[in-house]
Protein chains: 2
Amino acid sequence: MIREKGILIVISGFSGAGKGTLVKKMLRTYDNYALSISMTTRQPREGERDGVEYFFTDKEQFEENIGRDGFIEYACYCGNYYGTPKAYVEEQLEAGKDVILEIEIQGALKVKEKFPESLLLFVTPPSAEELQRRLVGRGTETPEVIAKRLARASEESEGIEAYDYIVVNDDLDVCVAELHAIVDAARRAPVRREQFIKEIREELKGFAKGAE
Amino acid sequence: MIREKGILIVISGFSGAGKGTLVKKMLRTYDNYALSISMTTRQPREGERDGVEYFFTDKEQFEENIGRDGFIEYACYCGNYYGTPKAYVEEQLEAGKDVILEIEIQGALKVKEKFPESLLLFVTPPSAEELQRRLVGRGTETPEVIAKRLARASEESEGIEAYDYIVVNDDLDVCVAELHAIVDAARRAPVRREQFIKEIREELKGFAKGAE
């Protein structure tokens, strides 16, 4: 089998769906993944390290990077920029790595527009009730925050059809295996096998001519 | 997880790709599949049994069935009708079985048009060279037949992009496992999780309202 480029994987999901834990486990379990690290102009929080949680930069540099078309997608929240630097992602894809972006729906849709061959995965708890239970169960959030999160989840649920697959996170290990199987299946979609199709098509044409 | 309807699976592939053997093995290995049996007006060949290889019928009955919209797809080759009866397929899908149709590209495209949620799989040998080798290697075909098959494969290769997945049949067991994994992944596409999406959306809306 011809080694083709890696797959650009976008993982989104409701707050409380366990995306972060899933992604960490995928990176630890399999060696075909690379994680894209976002760039931001916001201040690092306690314990955050440059190049680990985020690449921290200033507004001037970020805007210069926008000007150079250096982001796959970017957005501005609460006065701070957040973006996915293009160079690292493209390098890793060329090297055959499947690159994971953990971003939300607006960013995901922008990625799909720019890279139609990207794979959009949406992670959800088994039910809305379970999502509510997880948000309340943390015990760390005020009722206002929980209400906000539920309202946001309700909004996000309107966009689910834009994703290629919806994966239920009930058991962490099962869900990681499912995500991995989906990525593996996606490798066989025509959009990701262009080279193979082109070659077999040309060869067949040659043979058919030769056999006439 | 909510038990949704089964998946309508179309398997096509080059002559010599080993479709028949793959399908038999899938049916033997896993219990989620049902095989759709075509109906035809052609005469049974030596050893063919009604309801096993085909349902054999006459022209009048076949055309009556067309009139009742009783086929998922049908076509006429060499003066004989061939078609996929709708009733059995729909019954099995409703019962949660994944129904396999082993048909060729024209039929596959008609199925996709009528059932956009169907899953189109194309099976291919690892290379055109291997396909030629298999056709020649059988030793049972005249050069003319081999030439015709290669010309036909070349034509068929033009339609590959219409399929959802392209699966290489190099090792039978590996290929069967891959096909099964693809079907399993496909269960998580939004088009096949409409019920789940609808329910979680409505529940979330309710919670968001309640938390306001």
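Note that the coordinates shown come from a computational prediction; the quantities given were computed from them, not determined experimentally.

Conventions adopted
- Residues numbered from 1 in each chain as written.
- Chains lettered and ligands numbered in written order.
- Predicted model: local features only at pLDDT ≥ 70, side-chain atom pairs only at ≥ 80, totals over all residues.
- Heavy atoms only, no water.
- Contact = heavy atoms within 4.5 Å.
- Buried area = accessible area lost by both parts, 1.4 Å probe.
- Salt bridge = Lys/Arg side-chain N within 4 Å of Asp/Glu carboxyl O.
- Polar contact = N/O pair within 3.5 Å; in protein donor to acceptor, adjacent residues only side chain to side chain.
- Nonpolar A, V, L, I, M, F, W, Y, C, P; charged D, E, K, R; others polar.
- Least-squares fit on C-alpha atoms with pLDDT ≥ 70 in both.
- Buried < 20%, exposed > 50% of the residue type's maximum accessible area, 1.4 Å probe, protein only.
- Helix = DSSP H or I, 4+ residues; strand = E, 2+ residues; numbered from the N terminus.
- Pairing = 2+ DSSP bridges.
- pLDDT = per-residue confidence, 0-100.

Draft legend 1. Fine view of the interface of chain B and chain A. Chain B puts 43 residues into the contact, and the matching count from chain A is 43 residues. At the boundary of chain B with chain A, total buried surface from both sides reaches about 3700 Å², with 67% on carbon and sulfur atoms. When the area that chain B buries against chain A is broken down by residue, the three leading residues are B:Arg188, B:Arg201 and B:Leu204, summing to 17%. At the junction of chain B and chain A, the tally comes to six salt bridges. Between B:Arg201 and A:Glu161 there is a salt bridge, with the nearest N and O atoms lying 2.7 Å from each other. If you look at where chain B meets chain A, you find eleven residue pairs in polar contact (both at pLDDT 80 or more). Of the residues in the side of chain B that touches chain A, the class split is 27 nonpolar, six polar and ten charged.

Draft legend 2. Molecular detail of the relation of the copies chain B and chain A. With an RMSD of 0.1 Å, the operation that places chain B on chain A is a rotation of 180° combined with a shift of 0.0 Å along the axis. The operation mapping one copy onto its partner corresponds to a two-fold rotation axis. Comparing interface residues between copies, 100% of those in chain B also lie at the interface in chain A; the contact surface is shared.

Draft legend 3. Molecular detail of the pairing of strand β9 (residues 165–168) of chain B. Residue and element names in this part refer to chain B. Neither face of β9 is exposed, since Tyr165 and Val167 on one face and Ile166 and Val168 on the opposite face are all buried. Bridge count for strand β8 (residues 119–124) against β9 is four bridges, and the pairing is parallel. Residue pairing in the sheet places leucine 121 in a bridge with tyrosine 165 of β9.

Draft legend 4. Representation of the confidence of the model for chain A. With 98% of its residues at a pLDDT of 70 or more, chain A has an overall mean of 91. Two numbers describe this predicted complex: its pTM, 0.86, and its ipTM, 0.82.

Draft legend 5. Local environment of the side chain of B:Thr124. Looking at the secondary structure, you find B:Thr124 in strand β8. Once you skip the residues sitting within four places of it in the chain, B:Thr124 turns out to touch A:Phe196, A:Ile200, B:Phe14, B:Ala17, B:Ile166, B:Val167, B:Val168 and B:Asn169.

Draft legend 6. View of unusual backbone geometry. Residues and elements named next belong to chain A. Located in the positive-phi region is aspartate 69, a residue other than glycine, with phi close to 55°. Look at cysteine 78: it is not a glycine, yet its phi comes out positive at around 50°. By the element assignment, cysteine 78 lies in the loop between β5 (71–77) and β6 (80–85).

Draft legend 7. Just the pattern of salt bridges, in detail. Enumeration over the complete set of coordinates arrives at 36 salt bridges over all chains. A:Arg187 serves as the salt-bridge partner of A:Asp184, at 3.5 Å between the closest nitrogen and oxygen. Residue classification places A:Arg187 among the partly exposed positions, given a relative accessible area of 22%. The network of salt bridges with shared partners includes A:Asp98, A:Asp184, A:Arg187, A:Arg188 and B:Glu178.

Draft legend 8. Structural view of the pairing of β6(A). Residue and element names in this part refer to chain A. Most of β6 sits out of view: five of its six residues are buried. Relative to β6, strand β3 (residues 39–40) runs antiparallel, the two being bridged by two bridges. Bridging across to β6, methionine 39 finds its partner in glycine 83. Sheet analysis places β5 next to β6, joined by six bridges and oriented antiparallel. Considered in β6, the bridge of cysteine 76 is made with tyrosine 81. Counted between consecutive antiparallel strands, the loop separating β5 from β6 contains two residues, among which cysteine 78 sits at a positive phi close to 50°.

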